[in-house]
Amino acid sequence: MTVTAPPVVPATGRNVSSDAGGSRVGRSGPVAWMVLPALVLFVVFGVVPLIGVVVLSFTQWDGLGPIHANGLANWRSVLSDPQTWHSVYVTFEIMILSWAVQTPMSLLLGTFLAGRQRYRAFLAVLYFIPLLLSSAAIAITYKALLDPNFGLGAGLHIGFLTQDWLGKSNLAIAVVIFIVSWQFIPFHSLIYQGGVRQIPTTMYEAASIDGAGRIRQFFSITIPQLKYTIITSSTLMVVGSLTFFDLIFVLTAGGPGDATRVLALDMYKRGFMSNQMGPASVIASIIVLLGLVLALLLRRLGGSTTASQQEGA
């Protein structure tokens, strides 16, 4: 009698796992080499200049002559200068007010542009035009339009527009906030448009079946689902407002008086107009620290991005 041996089942589990592990190890090499050029550029153009600015903040230099170390003298003089704290106040004033204007407008426009109607694609392109323009060109244009003697108000004989918009402190701040919002709302609208289109349509269909109208759907579905999109947009707004320079420099040059003298403009005036590179470097370091702190606070406010979320499901 012939006895047939049972078939041998190959131990594929161990081989598959080892092969998968080997493939993961093999793929990690090329990925690391692909990241290396970006890392080098970041170190050369980001980390090294930042270290240089921090070192320069502990020195005395006029921009041309020899550099002399002076310890904490620059930090003490800058932090005890009332002008510095006034610039901090103006910076945060523009930051908070521009955020309060941009966020609801961007959210509404982004939700509107997320529709599938054909004409909305044309409007999306039209709304995006301000972002394509130079900040300096925008400032020159608005400065000419708001001129009380030769601007738009004088030409159209509109009394409201013939005010001295850039000659009064409150009006100058309002003009800066308006122009900043007008320029950057299209960018944030694009962010919200992408976020809204990632929300599952089944959620809106279920809400419609339950009798919820568009307004109720907006507040109960759209805004909660855009939590992390709002955090991302707000981070870009807040951190970006710390670097407003060209628009304010061309539009008001920090005036009237020092009403619109933000930190970036204060840094420029100290460094390149007063030849005080040490104090200017201190202000640059303060701007970086404020940006990092605000970004971390907003990240903490948003919570962990690994939390359960239906956005993009």
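Definitions and limits used
Here the residue numbers are simple positions, counted from 1 along each chain's written sequence. Restriction of local features to residues with pLDDT of at least 70 applies here, the model being predicted, together with a cutoff of 80 or more for giving and counting side-chain atom pairs; totals for whole chains, interfaces and linings are based on all residues. No hydrogens and no water enter the side-chain calculation; it runs on all heavy atoms of the structure. UniProt positions are given in the numbering used here, feature names are shortened, and annotations may be inferred rather than shown by experiment. Grouping buried Ala, Val, Leu, Ile, Met, Phe, Trp, Tyr and Cys residues that are joined through side-chain atoms within 4.5 Å yields what is termed a nonpolar core. For each residue, the accessible area found with a 1.4 Å probe, counting protein chains only, is set against the maximum for its type, and the residue is called buried under 20%, exposed over 50%, and partly exposed in between. What counts as a helix is a DSSP run of H or I of at least four residues, what counts as a strand is a run of E of at least two, and both are numbered from the N terminus. By definition in these notes, contact holds between two residues if any of their heavy atoms fall within 4.5 Å.

For the protein, the name recorded in an unreviewed UniProt entry is Carbohydrate ABC transporter membrane protein 1 (CUT1 family), with Kribbella pratensis as its organism. The record in UniProt for the protein states the following under Subcellular location (unreviewed entry): "Cell membrane". Word for word, the UniProt comment on the protein under Sequence similarities (unreviewed entry) is "Belongs to the binding-protein-dependent transport system permease family."

S.K.: Tell me what's going on with the nonpolar core, and back it up with residues and numbers.
M.R.: Core analysis: the biggest nonpolar cluster contains 21 residues, and Ile94, Val175, Ile179, Ile248 and Leu251 have the highest contact counts within it. In terms of residue count, helix H8 (residues 169-197) provides more of this core than any other element does, seven residues in total. In this view, isoleucine 94 contacts Ile173, Val176, Ile177, Phe244, Ile248 and Val262; residues no more than four positions away in its chain are not counted. In this structure, Trp75, Met95, Val238 and Leu242 belong to the second largest nonpolar core, which totals 13 residues.

S.K.: Requested: an account of the side chain of threonine 252, with residues and values cited.
M.R.: Within the secondary structure layout, threonine 252 lies in the loop between helix H12 (246-251) and helix H13 (263-273). On the basis of relative accessible area, threonine 252 is assigned to the buried category, the value being 12%. Among all residues touching threonine 252, those that are not within four sequence positions of it are Leu166 and Thr260.

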